[in-house]
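Overview (structure and organization)
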Amino acid sequence: MEEKALEVYDVIRSIRDPEKPNTLEELDVVTESCVEVRELREEEYLIIIKFSPTVPHCSLATLIGLCLQVKLQRCLPFKHKLEIYVSEGTHSTEEDINKQINDKERVAAAMENPNLRDIVEQCVTEPDD
């Protein structure tokens, strides 16, 4: 599973922060240890990501979760179920954020918003894409 976790981390580490010119890896929002992978069935995996916003009142934590969700859905070459959470104790409204970023309908609705979609695209696109 460690190999799969590294593969997942490699996908998310280069996502850019919506406010800063840095990547989520550079800001320690995501680290190798924030990714957990469990086998559900043969060739199907549960991916759990726990990210840490830079400040406990970060207004963009939901957007960061959306970026993680979008990039992983696009880039992972294997069948998976995805759960993304704010690390416990790192945000003042972590329960609300966790519900939003794991609700498929809310994620789909957010991606229909052209402004949000543009921001997500800027964050998840690799510099040389």
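So, a few notes on the structure that sits alongside this text. By convention here, each chain's residues receive numbers from 1 onward along its written sequence. Only residues with pLDDT of at least 70 get local features here, since the model is predicted, and only at 80 or more are side-chain atom pairs given and counted; chain-wide, interface and lining totals rely on the full set of residues. Computation of side-chain values: all heavy atoms of the structure, hydrogens and water removed.

Some remarks on the sheet that holds strand E1 (residues 35-41)
- A strand pair is defined by DSSP finding two or more bridges across the two strands. A run of H or I in DSSP counts as a helix once it spans at least four residues, and a run of E counts as a strand once it spans at least two, with each numbered from the N terminus. Spatially, three strands are ordered E1-E2-E3 in an open sheet, and the strand pairing comes out mixed. Pairing within the sheet leaves two strands with one partner each, and these edge strands are E1 and strand E3 (79-86). Taking the axes of each pair of neighbouring strands and ignoring which way they run, one obtains an average angle of 20 degrees across the sheet.
- Bridging between strand E2 (residues 44-51) and E3 involves eight bridges; their strand directions are parallel. Its bridge partner being in E3, Ile49 is matched across the sheet by Ile84.
- Note on definitions: a residue-residue contact is assigned when non-hydrogen atoms from the two residues lie within 4.5 Å. Fitting a line to C-alpha atoms yields each axis, with helices limited to the stretch in contact; the angle taken between N-to-C directions then spans 0 to 180 degrees. Set on the sheet, helix H1 (residues 2-12) makes contact with E1 and E2; between it and E1 the angle comes to about 125 degrees.
- Against the sheet, helix H2 (residues 61-75) contacts E2 and E3, and its axis sits at roughly 165 degrees relative to E3.

Structural notes on the nonpolar core
- Residues belong to a common nonpolar core when they are buried Ala, Val, Leu, Ile, Met, Phe, Trp, Tyr or Cys residues joined through side-chain atoms within 4.5 Å. Remark: exposure states derive from per-residue accessible area (1.4 Å probe, protein chains only) relative to the maximum for the residue type, with buried under 20%, exposed over 50%, and partly exposed in between. Grouped together as the largest cluster of nonpolar side chains are 39 residues, with contacts concentrated most on Val8, Ile12, Val30, Val35, Ile49, Phe51 and Leu68.
- Mapped onto this core, the elements with two or more residues apiece are H1, E1, E2, H2, E3, helix H3 (94-101), helix H4 (104-112) and helix H5 (114-124).
- If near-sequence neighbours (up to four positions away) are discounted, Val30 is found in contact with Tyr9, Ile12, Arg13, Leu24, Glu25, Phe51 and Leu68.

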